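# Analysis of the macromolecular model
So the chains spell out like this:
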Amino acid sequence: MSINASLKKFVEYVQHGSVEKMLKLLDKGLDPNYHDTETGEVPLTLSAQLDNCTDVIRVLCLGGAHIDFRARDGMTALHKAAITRNYNGVLTLLELGASPNYKDRRALTPLYHTAIVGGDSSCCELLLYSRAQIGFADENGWQEIHQACHHGHAQHLEHLLFYGAEINSLNASGNTALHLCALYNRDSCTRVLLYRGAKKDMKNSNRQTSFQ
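This part takes up the pattern of salt bridges. Opposite charge on two side chains allows them to pair when their charged atoms are near. In total, this model carries eight salt bridges according to the counting rule given. For Arg106, the salt bridge is made with Asp138, and the minimal N-O distance between the two is 4.0 Å. Taken as a pair, Arg106 in the loop between α6 (87-95) and α7 (110-117) and Asp138 in the loop between α8 (122-129) and α9 (144-151) lie far apart in primary sequence, 32 residues in all. In this structure Asp138 comes out as buried when scored by relative accessible area, which is 10%. One salt bridge connects Glu158 with Arg196, and the closest N-O pair in it is separated by 2.8 Å. Highlighted residues: Glu158 in helix α10 (residues 154-162) and Arg196 in the segment after α12 (187-195), separated in sequence by 38 residues. One network of salt bridges, in which partners are shared, links Glu41, Asp73 and Lys80.

Right under this line is the structure:
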């Protein structure tokens, strides 16, 4: 089998969770740190998005996969696991030493992405527990709590505040998380912020308070 054919086959084995077949190719010296020509993914970023990913991830790492090796889009396996809300993937990668603070091309962390995608907040909590840093911002100055409020993810907001997110932080338009709750009618997030002591009278760049 040519090298290219082997690499293609290996990606198929990863996607199907065929651990035995993966082991055979790894034993023959296949290096699992390469980009799939079609998807731009690496075997480890692919595996992080699978339902039954634990064994696949472990075999890849034992076989020489660099745990923070990035796909072509600049994301690590931990980014991919967080975005697909794959708790087992996040847990396994963290246990094997993945960094929760690597940034993608937009300088965003896996934790940041959990605030956007929402769903079950266990991935968010696990990343915070594993010392994920808070307070990264996108190109518009939106931090994790701004995203959580924009999308109405109250449980994520609770976790972020519990772990020390700055409740009155401003985005580039001078809006606080409370302004965004008012803008997008996010009642549950508004209640969380008010209960935790968010300032109601802060004005944004248009001199408006959240209540205006």
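Moving on to the nonpolar core. Grouped together as the largest cluster of nonpolar side chains are 54 residues, with contacts concentrated most on Phe10, Leu44, Leu93, Leu157 and Leu193. Top contributing element to this core by residue count: α8, with five residues. Filtering out sequence-adjacent residues up to four positions away, Leu193 remains in contact with Cys149, Leu157, Leu161, Ile167, Ala177, Leu178, Cys181 and Ala198.

Even without being a glycine, Arg85 presents a positive backbone phi close to 55°. For Arg85, the location among the structural elements is in the loop between α5 (77-83) and α6. For Arg85, a relative accessible area of 45% translates into the label partly exposed. With a phi close to 65°, Arg207 is a non-glycine residue in the positive phi region.

This part is about the environment of Arg105. Relative to the elements of secondary structure, Arg105 occurs in the loop between α6 and α7. Sequence separation of Arg105 and Met75 is 30 residues, and the distance between their C-alpha atoms is 7.4 Å. For Arg105, the residues in contact, after removing those within four places along its chain, are Arg72, Asp73 and Gly74. Polar side-chain contacts of Arg105 include one of 2.3 Å to the backbone oxygen of Arg72.

Parameters and conventions
- Residues numbered from 1 in each chain as written.
- Predicted model: local features only at pLDDT ≥ 70, side-chain atom pairs only at ≥ 80, totals over all residues.
- Heavy atoms only, no water.
- Salt bridge = Lys/Arg side-chain N within 4 Å of Asp/Glu carboxyl O.
- Helix = DSSP H or I, 4+ residues; strand = E, 2+ residues; numbered from the N terminus.
- Buried < 20%, exposed > 50% of the residue type's maximum accessible area, 1.4 Å probe, protein only.
- Core = buried A, V, L, I, M, F, W, Y, C linked by side-chain atoms within 4.5 Å.
- Contact = heavy atoms within 4.5 Å.
- Polar contact = N/O pair within 3.5 Å; in protein donor to acceptor, adjacent residues only side chain to side chain.

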